[in-house]
Amino acid sequence: MQDSLFSFDAEEPAPRPAPSGAAARTRAQAAIAAQAPDPAHQALAAELPSLLRLGTSSWNYPGWTGMVWADEHPEAALSKRGLPAYSQHPLFRSVCVDRAFYRPLTASQYAAYAAQVPPDFRFVVKAPGLVTDAMVRGEDGRGLQANPAFLDPQLALQEFVAPALEGLGARLGALVFQLSPLPGPMLGRLPQILERLRAMLQALPALRPHAPDGVMAVEVRNPEWITPELAQALRETGATYCLGLHAKMPRIGEQLPMLRALWPGPLVCRWNLHPVHGLYGYEDAKQLYEPFDRLHDVDEETREALAKVAIATTRAGHPAYITVSNKAEGCAPLSIAGLAQTIRTRMRQTA
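The rules behind the values
Residues numbered from 1 in each chain as written. Predicted model: local features only at pLDDT ≥ 70, side-chain atom pairs only at ≥ 80, totals over all residues. Heavy atoms only, no water. Helix = DSSP H or I, 4+ residues; strand = E, 2+ residues; numbered from the N terminus. Rg over C-alpha atoms; globule rule 2.2 N^0.38 Å. Buried < 20%, exposed > 50% of the residue type's maximum accessible area, 1.4 Å probe, protein only. Contact = heavy atoms within 4.5 Å. Areas by Shrake-Rupley, 256 points an atom, 1.4 Å probe, with all protein chains shown as cover. Lys, Arg positive; Asp, Glu negative; His and termini not counted. Charge placed at Lys NZ, Arg CZ, Asp CG, Glu CD. Polar contact = N/O pair within 3.5 Å; in protein donor to acceptor, adjacent residues only side chain to side chain. Phe/Tyr/Trp six-rings, centres within 6.5 Å; stacked < 30°, edge-to-face > 60°. Lys NZ or Arg CZ within 6 Å of the ring centre and 35° of its normal. Pairing = 2+ DSSP bridges. Axes fitted to C-alpha atoms, helices over the stretch in contact; angles between N-to-C directions. Salt bridge = Lys/Arg side-chain N within 4 Å of Asp/Glu carboxyl O. Bend = angle between axes of the 7 residues up to and from the residue.

For the overall build of the protein, give the residues involved together with the corresponding values.
The secondary structure content of the protein amounts to 15 helices and 10 strands. In terms of overall size, the protein behaves like a compact globule, its C-alpha atoms giving a radius of gyration of 21 Å where 351 residues would be expected to give roughly 20 Å. Dimensions of the protein, computed from the C-alpha atoms along their principal axes, are close to 70 × 50 × 40 Å. Within the span of the protein, comprising 351 residues, buried residues form 50% of the whole. Excluding contacts between residues fewer than 6 apart, the proportion of contacts in the protein whose partners are at least 24 apart in sequence is 76%. As displayed, the protein has an accessible area near 16700 Å², and 54% of this comes from carbon and sulfur atoms. For the protein, the distance from the average site of its 33 positive side-chain charges to the average site of its 34 negative ones is 6 Å.

Can you lay out the side chain of Thr314 for me, pointing to particular residues and giving the numbers?
Along the chain, the position of Thr314 falls in helix 13 (residues 300–315). With a relative accessible area of 10%, Thr314 lands in the buried category. Polar side-chain contacts of Thr314 include one of 3.2 Å to the backbone oxygen of Ile311. In this view, Thr314 contacts Pro49, Leu51, Leu52 and Ala320; residues no more than four positions away in its chain are not counted.

I'd like a rundown of the packing of aromatic side chains, residues and numbers included.
Counted by the stated rule, this structure contains 10 aromatic pairs. With a centroid separation of 5.5 Å and an interplanar angle of 80°, the aromatic rings of Tyr61 and Phe292 are classed as edge-to-face. You can see Tyr61 sitting in the loop between strand 1 (52–57) and helix 3 (75–81) and its partner Phe292 sitting in the loop between helix 12 (282–289) and helix 13, a full 231 residues away along the chain. For the pair formed by Tyr61 and Phe292, the shared burial category is buried. Taken together, the ring pairs in this structure connect Trp59, Tyr86, Phe92, Tyr113, Phe121 and Phe123 into an aromatic cluster. Positioned above the aromatic ring of Phe101, the side-chain terminus of Lys126 is 4.5 Å from the ring centre.

Outline the environment of Gly214, supporting the account with residue identities and numerical values.
With respect to the helices and strands, the residue Gly214 is situated in the loop between helix 9 (190–203) and strand 7 (215–220). Spatially, the C-alpha atom of Gly214 lies 9.2 Å from that of Leu165, the residues being 49 residues apart in sequence.

Please provide a residue-by-residue account of the sheet that holds strand 9 (residues 267–271), values included.
Pairing is parallel around the closed barrel formed by 8 strands, whose spatial order is 1-2-3-6-7-8-9-10. Across the sheet, the mean angle from the axis of one strand to that of its neighbour is 25°, orientation sign disregarded. Sheet topology note: the strand 1/strand 2 (residues 94–97) ladder contains 3 bridges and is parallel. Bridged to Ser57 within strand 2 is Cys96. The strands touched by helix 15 (residues 332–350) are strand 1 and strand 10 (320–324); relative to strand 1, the strand with the most contacts, the crossing angle is about 160°.

Describe the pattern of salt bridges, and please don't skip the residues or the numbers.
Scanning all chains against the criterion turns up 17 salt bridges. With a shortest N-O distance of 2.3 Å, Asp120 and Arg93 are connected by a salt bridge. Of this pair, Asp120 sits in the loop between helix 5 (107–114) and strand 3 (122–126) while Arg93 sits in the loop between helix 4 (83–86) and strand 2, and the two are 27 residues apart along the sequence. Looking at Arg93, the relative accessible area reads 19%, which means it is buried. Here Glu329 and Arg303 are joined by a salt bridge, their closest N and O atoms 2.8 Å apart. Taken together, the positions of Glu329 in helix 14 (residues 326–329) and Arg303 in helix 13 put the pair 26 residues apart, joining distant regions of the chain. This pair shows no difference in class: Glu329 is buried, exactly as Arg303 is. Three or more residues are tied together by salt bridges with common partners; here these are Arg53, Arg93, Asp120, Arg122 and Asp213.

So what's going on with helix 7 (residues 153–168)? Which residues, and what values?
One full turn of an α-helix is made of 3.6 residues, so residues set three or four places apart face in the same direction. The largest bend in helix 7 is about 35°, located at Val161, with the proline Pro163 one to four residues further on. Three or more residues of helix 7 are buried, namely Ala156, Phe160, Val161, Pro163, Ala164, Leu165, Gly167 and Leu168. Buried residues in helix 7 make contact with helix 5, strand 3, helix 6 (129–132), strand 6 (172–179) and helix 9. The opening residue of helix 7, the one whose side-chain oxygen lies 3.0 Å from the backbone nitrogen of Gln154, is Asp152. Looking at the residues trailing helix 7, positive phi occurs at Gly169, about 55°.

Set out below in structure tokens:
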């Protein structure tokens, strides 16, 4: 598209004036049309396990035009009105609501999401940082002081679990407590923090009576958490370990022992960032991959490992939730299509 800006081989049409007034408001409020389903994706989806739900991290990306959206729309419009179109994609049966990490959502906000998707759709939701971040942070992300609400059971219930259950109901898939990186001094007190985590999880209500497919999961951002003690605490409280595929964590093969220690059980995975970007490469990946319209760094190792775990999990009768970020390979919809193809191939080989 940039080449056309400097091409004099053809006469360029005169630019259209920007809409204003009522015309601008009408365009901003227009419904988001879904891209017509790809027959190949429909056939692929029909072969995947019914207990497997794939999805992306959020859904507000203009670069997905032609894959998810039929027409171009600004990010703000997609964020507000793109979910119904997103949920029509044959391979998308879930989505991760990342925004809940930054500010707790109300039951009515969750209910509004639930009303926009089919009955078989399930949400993966991140717990608010108010509860899962050990530090109170400034606008630049730097830790300012210890967070007194860290792993507080009452706040976890009041600000996260209760409104999510009430609003999403049966469309609730996984509630993920993503524990932000702990500062060095806190890592030295990991056994005490683990007991606080255990106490919080024990105080929370069971999800299954209200959400039949509901799973409580804990994601960590310090490798030091990966211990038999964490696995035991999760087992005792009915929670599971969330595979957090992020550069701050070991590769998937080094995290799988946590799932083996909890076997048999559900799978929750958030495939966030390709390891080539290093410990602090999230913003670098964003700048490199935008507008997230193609694959840049295909990670076959992760696809193969996830396919194996997803098949084993669903064949054992447990739900599997895998959500993928644009920063994993460059374009989440294409990553999901590639992962789905890998799963289908392995299923055929092991049938």
